[in-house]
Amino acid sequence: MIATPTEIEYFIEVYNTKHISNASIRLGITQPTLTQSLKRLEEKLTTDLFIRTKQGVLPTAAGKIFYLRAVALQENWESVQNDILKVKNEITGKFKFGCHTAVGSYAIPPLLQKLNEYAPHIELSLIHDFSRKITERLIAYEIDIAYVINPIRHPDLILIKLGDDKVTFWKKRGIHPPKRLLADQGMLQAESLLSKSKSKIFKDWTILQSASLELIRTLTLNGQGVGILPTRIAKAGGADLVVFGEGLPVFHDELYLAYRKELLMSQAGKELVRLAKIKLE
(Lines give C-alpha, C1' and ligand atoms only; values in the text may rest on other atoms or scores of the structure.)
Protein backbone atom coordinates (compact mmCIF):
# COMPACT_ATOMS: atom_id res chain seq x y z
CA MET A 1 0.00 0.00 0.00
CA ILE A 2 1.07 3.59 -0.68
CA ALA A 3 1.68 6.10 2.09
CA THR A 4 -0.83 8.93 2.16
CA PRO A 5 0.20 12.60 2.04
CA THR A 6 -1.01 12.98 5.63
CA GLU A 7 1.10 10.05 6.86
CA ILE A 8 4.14 11.51 5.12
CA GLU A 9 3.50 14.94 6.64
CA TYR A 10 3.15 13.48 10.15
CA PHE A 11 6.31 11.36 9.75
CA ILE A 12 8.40 14.34 8.65
CA GLU A 13 7.24 16.41 11.62
CA VAL A 14 8.12 13.63 14.08
CA TYR A 15 11.49 13.14 12.39
CA ASN A 16 12.31 16.85 12.68
CA THR A 17 11.10 17.34 16.26
CA LYS A 18 12.33 13.94 17.55
CA HIS A 19 9.35 13.99 19.89
CA ILE A 20 5.81 12.67 19.36
CA SER A 21 4.20 14.99 21.91
CA ASN A 22 5.81 18.11 20.48
CA ALA A 23 5.03 17.00 16.93
CA SER A 24 1.35 16.46 17.76
CA ILE A 25 1.15 20.00 19.19
CA ARG A 26 2.77 21.50 16.09
CA LEU A 27 0.46 19.50 13.82
CA GLY A 28 -2.62 20.40 15.84
CA ILE A 29 -3.67 16.79 16.39
CA THR A 30 -3.87 14.47 19.40
CA GLN A 31 -0.93 12.29 20.37
CA PRO A 32 -2.91 9.03 19.88
CA THR A 33 -3.85 10.14 16.35
CA LEU A 34 -0.20 10.77 15.51
CA THR A 35 0.88 7.46 17.05
CA GLN A 36 -1.71 5.53 15.02
CA SER A 37 -0.58 7.27 11.83
CA LEU A 38 3.04 6.26 12.45
CA LYS A 39 1.94 2.71 13.20
CA ARG A 40 0.02 2.47 9.92
CA LEU A 41 3.02 3.82 8.03
CA GLU A 42 5.37 1.31 9.62
CA GLU A 43 2.94 -1.52 8.79
CA LYS A 44 2.89 -0.43 5.16
CA LEU A 45 6.69 -0.36 5.05
CA THR A 46 6.97 -3.53 7.17
CA THR A 47 9.70 -1.99 9.32
CA ASP A 48 10.20 0.28 12.34
CA LEU A 49 10.95 3.90 11.51
CA PHE A 50 11.70 5.15 15.04
CA ILE A 51 13.21 3.89 18.25
CA ARG A 52 11.24 5.07 21.28
CA THR A 53 13.35 6.47 24.18
CA LYS A 54 12.57 8.35 27.38
CA GLN A 55 13.79 11.56 25.78
CA GLY A 56 11.76 11.12 22.61
CA VAL A 57 12.24 9.14 19.38
CA LEU A 58 15.24 8.45 17.19
CA PRO A 59 15.04 7.41 13.55
CA THR A 60 16.16 3.91 12.60
CA ALA A 61 18.33 3.33 9.56
CA ALA A 62 15.13 2.67 7.62
CA GLY A 63 13.64 5.88 9.05
CA LYS A 64 16.60 7.91 7.80
CA ILE A 65 16.26 6.46 4.30
CA PHE A 66 12.52 7.00 4.26
CA TYR A 67 12.93 10.62 5.42
CA LEU A 68 14.91 11.49 2.28
CA ARG A 69 12.26 9.89 0.09
CA ALA A 70 9.41 11.38 2.13
CA VAL A 71 10.66 14.95 1.67
CA ALA A 72 10.86 14.37 -2.10
CA LEU A 73 7.39 12.79 -2.13
CA GLN A 74 5.95 15.74 -0.23
CA GLU A 75 7.54 18.24 -2.61
CA ASN A 76 6.24 16.28 -5.62
CA TRP A 77 2.77 16.15 -4.13
CA GLU A 78 2.75 19.90 -3.55
CA SER A 79 3.96 20.41 -7.12
CA VAL A 80 1.11 18.25 -8.44
CA GLN A 81 -1.41 20.22 -6.41
CA ASN A 82 -0.01 23.52 -7.66
CA ASP A 83 -0.06 22.36 -11.28
CA ILE A 84 -3.66 21.20 -10.99
CA LEU A 85 -4.69 24.46 -9.34
CA LYS A 86 -2.92 26.36 -12.09
CA VAL A 87 -4.76 24.46 -14.82
CA LYS A 88 -8.03 24.93 -12.98
CA ASN A 89 -7.71 28.68 -12.45
CA GLU A 90 -5.55 30.03 -15.25
CA ILE A 91 -6.86 30.70 -18.72
CA THR A 92 -4.41 28.46 -20.53
CA GLY A 93 -4.63 25.06 -22.16
CA LYS A 94 -4.85 23.03 -25.37
CA PHE A 95 -8.19 21.96 -26.81
CA LYS A 96 -9.35 19.93 -29.81
CA PHE A 97 -11.97 21.92 -31.71
CA GLY A 98 -14.11 20.14 -34.30
CA CYS A 99 -16.07 21.52 -37.25
CA HIS A 100 -16.80 20.95 -40.92
CA THR A 101 -14.40 22.95 -43.09
CA ALA A 102 -17.32 24.91 -44.55
CA VAL A 103 -18.55 25.89 -41.09
CA GLY A 104 -15.00 26.68 -40.03
CA SER A 105 -14.55 29.08 -42.94
CA TYR A 106 -17.00 31.56 -41.38
CA ALA A 107 -17.10 30.52 -37.69
CA ILE A 108 -13.43 30.00 -36.81
CA PRO A 109 -12.06 33.46 -37.85
CA PRO A 110 -14.22 35.40 -35.34
CA LEU A 111 -13.42 32.83 -32.66
CA LEU A 112 -9.68 33.22 -33.21
CA GLN A 113 -10.06 36.99 -33.09
CA LYS A 114 -11.71 36.70 -29.68
CA LEU A 115 -9.01 34.33 -28.45
CA ASN A 116 -6.30 36.76 -29.59
CA GLU A 117 -7.95 39.49 -27.54
CA TYR A 118 -9.17 37.74 -24.42
CA ALA A 119 -7.36 34.38 -24.09
CA PRO A 120 -4.13 34.31 -26.10
CA HIS A 121 -2.77 31.34 -24.12
CA ILE A 122 -5.55 28.99 -25.21
CA GLU A 123 -4.34 26.79 -28.07
CA LEU A 124 -6.63 25.00 -30.53
CA SER A 125 -6.15 21.98 -32.75
CA LEU A 126 -8.77 21.99 -35.50
CA ILE A 127 -10.36 18.69 -36.52
CA HIS A 128 -12.54 18.59 -39.63
CA ASP A 129 -15.23 16.13 -40.70
CA PHE A 130 -18.96 15.91 -41.30
CA SER A 131 -20.95 17.26 -38.34
CA ARG A 132 -22.41 13.85 -37.53
CA LYS A 133 -18.91 12.36 -37.23
CA ILE A 134 -17.64 15.35 -35.25
CA THR A 135 -20.53 14.83 -32.83
CA GLU A 136 -19.69 11.13 -32.45
CA ARG A 137 -16.06 11.97 -31.67
CA LEU A 138 -17.16 14.63 -29.19
CA ILE A 139 -19.25 12.05 -27.33
CA ALA A 140 -16.28 9.63 -27.42
CA TYR A 141 -13.97 12.21 -25.74
CA GLU A 142 -11.81 12.52 -28.89
CA ILE A 143 -12.79 16.19 -29.32
CA ASP A 144 -13.32 18.80 -26.58
CA ILE A 145 -15.70 21.25 -28.25
CA ALA A 146 -17.23 21.73 -31.69
CA TYR A 147 -19.39 23.70 -34.10
CA VAL A 148 -21.89 21.23 -35.52
CA ILE A 149 -24.85 21.34 -37.89
CA ASN A 150 -28.10 19.63 -36.85
CA PRO A 151 -26.49 17.59 -34.05
CA ILE A 152 -28.11 14.55 -32.50
CA ARG A 153 -29.30 15.06 -28.94
CA HIS A 154 -27.24 13.17 -26.41
CA PRO A 155 -27.36 13.28 -22.60
CA ASP A 156 -23.59 13.88 -22.36
CA LEU A 157 -23.65 16.96 -24.60
CA ILE A 158 -24.52 20.57 -23.95
CA LEU A 159 -25.89 22.20 -27.11
CA ILE A 160 -26.19 25.96 -27.64
CA LYS A 161 -27.88 27.16 -30.80
CA LEU A 162 -25.91 29.86 -32.62
CA GLY A 163 -27.89 30.41 -35.80
CA ASP A 164 -29.73 29.06 -38.85
CA ASP A 165 -28.82 28.41 -42.45
CA LYS A 166 -30.43 27.07 -45.63
CA VAL A 167 -28.97 24.65 -48.14
CA THR A 168 -30.32 24.89 -51.68
CA PHE A 169 -29.35 25.21 -55.37
CA TRP A 170 -27.21 28.16 -56.51
CA LYS A 171 -25.94 29.54 -59.82
CA LYS A 172 -23.94 32.50 -61.02
CA ARG A 173 -26.09 35.55 -61.64
CA GLY A 174 -26.95 36.33 -65.25
CA ILE A 175 -25.88 33.06 -66.92
CA HIS A 176 -27.44 29.77 -68.02
CA PRO A 177 -25.16 27.14 -66.52
CA PRO A 178 -24.57 23.77 -68.17
CA LYS A 179 -26.74 20.87 -67.01
CA ARG A 180 -24.35 19.88 -64.28
CA LEU A 181 -25.01 19.62 -60.57
CA LEU A 182 -22.09 20.31 -58.25
CA ALA A 183 -22.57 18.54 -54.94
CA ASP A 184 -20.98 16.80 -52.00
CA GLN A 185 -23.16 13.69 -51.95
CA GLY A 186 -21.67 12.69 -48.62
CA MET A 187 -23.65 15.52 -47.00
CA LEU A 188 -27.06 14.52 -45.73
CA GLN A 189 -28.40 17.87 -46.91
CA ALA A 190 -27.23 17.34 -50.51
CA GLU A 191 -28.47 13.76 -50.52
CA SER A 192 -31.90 14.88 -49.32
CA LEU A 193 -32.17 17.70 -51.89
CA LEU A 194 -31.08 15.43 -54.75
CA SER A 195 -33.58 12.74 -53.81
CA LYS A 196 -36.39 15.31 -53.88
CA SER A 197 -35.47 16.97 -57.17
CA LYS A 198 -33.21 14.80 -59.38
CA SER A 199 -35.95 12.78 -61.10
CA LYS A 200 -38.19 15.82 -61.63
CA ILE A 201 -36.15 18.95 -62.27
CA PHE A 202 -32.65 17.65 -62.98
CA LYS A 203 -33.58 14.39 -64.70
CA ASP A 204 -31.02 14.58 -67.53
CA TRP A 205 -28.33 16.48 -65.59
CA THR A 206 -24.94 15.05 -64.67
CA ILE A 207 -23.53 15.24 -61.15
CA LEU A 208 -19.99 16.32 -60.35
CA GLN A 209 -19.12 15.01 -56.90
CA SER A 210 -16.72 16.95 -54.68
CA ALA A 211 -16.07 16.72 -50.94
CA SER A 212 -15.04 20.39 -50.90
CA LEU A 213 -17.82 22.97 -50.57
CA GLU A 214 -15.25 25.67 -51.29
CA LEU A 215 -14.47 24.05 -54.66
CA ILE A 216 -18.17 23.66 -55.40
CA ARG A 217 -18.62 27.35 -54.66
CA THR A 218 -15.69 28.29 -56.91
CA LEU A 219 -16.98 26.17 -59.79
CA THR A 220 -20.46 27.64 -59.36
CA LEU A 221 -19.00 31.16 -59.46
CA ASN A 222 -17.20 30.20 -62.68
CA GLY A 223 -20.49 29.18 -64.26
CA GLN A 224 -19.63 25.48 -64.42
CA GLY A 225 -22.94 24.25 -63.04
CA VAL A 226 -25.52 24.56 -60.29
CA GLY A 227 -24.04 24.12 -56.83
CA ILE A 228 -25.75 22.71 -53.76
CA LEU A 229 -24.49 25.00 -51.01
CA PRO A 230 -25.40 26.45 -47.61
CA THR A 231 -26.43 30.09 -47.95
CA ARG A 232 -23.58 31.25 -45.66
CA ILE A 233 -21.05 29.63 -48.00
CA ALA A 234 -22.75 30.71 -51.22
CA LYS A 235 -22.93 34.37 -50.19
CA ALA A 236 -19.59 34.59 -48.38
CA GLY A 237 -17.55 37.62 -49.39
CA GLY A 238 -20.50 39.07 -51.30
CA ALA A 239 -20.27 36.38 -54.00
CA ASP A 240 -22.56 37.01 -56.97
CA LEU A 241 -24.59 33.82 -56.65
CA VAL A 242 -28.38 33.56 -56.77
CA VAL A 243 -30.84 30.79 -56.07
CA PHE A 244 -31.41 28.66 -59.16
CA GLY A 245 -35.10 28.92 -60.08
CA GLU A 246 -38.18 28.99 -57.90
CA GLY A 247 -39.93 26.26 -56.01
CA LEU A 248 -36.81 24.17 -55.46
CA PRO A 249 -36.47 22.24 -52.19
CA VAL A 250 -34.58 23.81 -49.31
CA PHE A 251 -32.87 22.04 -46.42
CA HIS A 252 -32.96 24.01 -43.16
CA ASP A 253 -29.80 23.83 -41.04
CA GLU A 254 -29.21 24.79 -37.42
CA LEU A 255 -25.70 25.57 -36.18
CA TYR A 256 -24.83 24.65 -32.59
CA LEU A 257 -21.93 24.93 -30.22
CA ALA A 258 -21.50 21.50 -28.63
CA TYR A 259 -19.38 20.37 -25.68
CA ARG A 260 -19.43 18.08 -22.65
CA LYS A 261 -20.04 19.50 -19.18
CA GLU A 262 -16.55 18.38 -18.12
CA LEU A 263 -15.15 21.22 -20.23
CA LEU A 264 -16.46 23.68 -17.65
CA MET A 265 -14.29 22.22 -14.88
CA SER A 266 -11.38 24.50 -15.82
CA GLN A 267 -11.30 28.26 -16.13
CA ALA A 268 -9.82 27.93 -19.62
CA GLY A 269 -12.67 25.65 -20.68
CA LYS A 270 -15.24 28.11 -19.37
CA GLU A 271 -13.56 30.96 -21.23
CA LEU A 272 -13.38 28.95 -24.47
CA VAL A 273 -17.10 28.22 -24.28
CA ARG A 274 -17.85 31.89 -23.63
CA LEU A 275 -15.80 33.04 -26.60
CA ALA A 276 -17.07 30.28 -28.90
CA LYS A 277 -20.65 31.55 -28.57
CA ILE A 278 -20.38 33.56 -31.78
CA LYS A 279 -23.38 35.53 -33.01
CA LEU A 280 -24.53 34.50 -36.47
CA GLU A 281 -27.03 36.73 -38.20
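Structure: see above.
Residues numbered from 1 in each chain as written. Predicted model: local features only at pLDDT ≥ 70, side-chain atom pairs only at ≥ 80, totals over all residues. Heavy atoms only, no water.

**Focus on the environment of Ala-276**
Next, step 1: One can find Ala-276 in helix α10 (residues 267–276).
Next, step 2: Classification of Ala-276 as buried rests on a relative accessible area of 0%.
Next, step 3: Taking the C-alpha atoms as reference, Ala-276 lies 38 Å from Glu-75; in sequence the two are 201 residues apart.
Next, step 4: Dropping the residues within four chain positions of it, Ala-276 is found in contact with Phe-97, Leu-111, Ile-145, Tyr-147, Leu-162 and Leu-257. (Helix = DSSP H or I, 4+ residues; strand = E, 2+ residues; numbered from the N terminus. Buried < 20%, exposed > 50% of the residue type's maximum accessible area, 1.4 Å probe, protein only. Contact = heavy atoms within 4.5 Å.)

**Brief notes about the pairing of strand β3 (residues 93–99)**
Each regular strand displays side chains that alternate between the two surfaces of the sheet.
Next, step 1: As paired elements, β3 and strand β4 (residues 122–128) share seven bridges and run parallel to each other. When the sheet's bridge partners are listed, Gly-98 is paired in β4 with Ile-127.
Next, step 2: Handedness of the crossover is the feature at issue here: the chain leaves β3, passes through helix α5 (residues 101–118), returns alongside β4, and the resulting connection is right-handed.
Next, step 3: Bridge analysis of β3 against strand β5 (residues 145–149) gives two bridges, and the strand direction is parallel. (Pairing = 2+ DSSP bridges. Right-handed = clockwise from strand over helix to strand, strands pointing away.)

**Section: the packing of helix α2 (residues 20–27) against helix α3 (residues 31–45)**
Next, step 1: Where α2 contacts α3, the two axes come as close as 9 Å, and the packing angle between them is 105 degrees. Considering the angle they form, α2 stands roughly perpendicular to α3. Seen from α2, the contacting residues are Ile-20, Ser-21, Ala-23, Ser-24 and Leu-27; seen from α3, they are Gln-31, Leu-34, Thr-35 and Leu-38.
Next, step 2: In the contact of α2 with α3, the residues fall into five nonpolar, four polar and no charged. (Axes fitted to C-alpha atoms, helices over the stretch in contact; angles between N-to-C directions. Parallel < 35°, antiparallel > 145°, perpendicular 65-115°, else oblique. Nonpolar A, V, L, I, M, F, W, Y, C, P; charged D, E, K, R; others polar.)

**Some thoughts on the environment of Arg-40**
Next, step 1: Tracing the backbone shows Arg-40 in helix α3.
Next, step 2: C-alpha separation for the pair Arg-40 and Ala-3, spaced 37 residues apart in sequence, amounts to 8.8 Å.

**Considerations on unusual backbone geometry**
Next, step 1: Despite not being glycine, Thr-46 has its phi angle at roughly 55 degrees, a positive value.
Next, step 2: On the basis of relative accessible area, Thr-46 is assigned to the exposed category, the value being 71%.
Next, step 3: The residue Tyr-141 is not glycine, and still its phi comes out positive at about 70 degrees.
Next, step 4: On the secondary structure map, Tyr-141 appears in the loop between α6 (131–139) and β5.

**Describing the pairing of β5**
Next, step 1: Of all five residues making up β5, five are buried, and the element is well covered by its neighbours.
Next, step 2: Both faces of β5 are covered, namely the face carrying Ile-145, Tyr-147 and Ile-149 and the face carrying Ala-146 and Val-148.
Next, step 3: Where β5 lies against strand β11 (residues 251–260), five bridges are found, and the strand directions are antiparallel. Paired with Ile-149 across the strands is Leu-255, a residue of β11.

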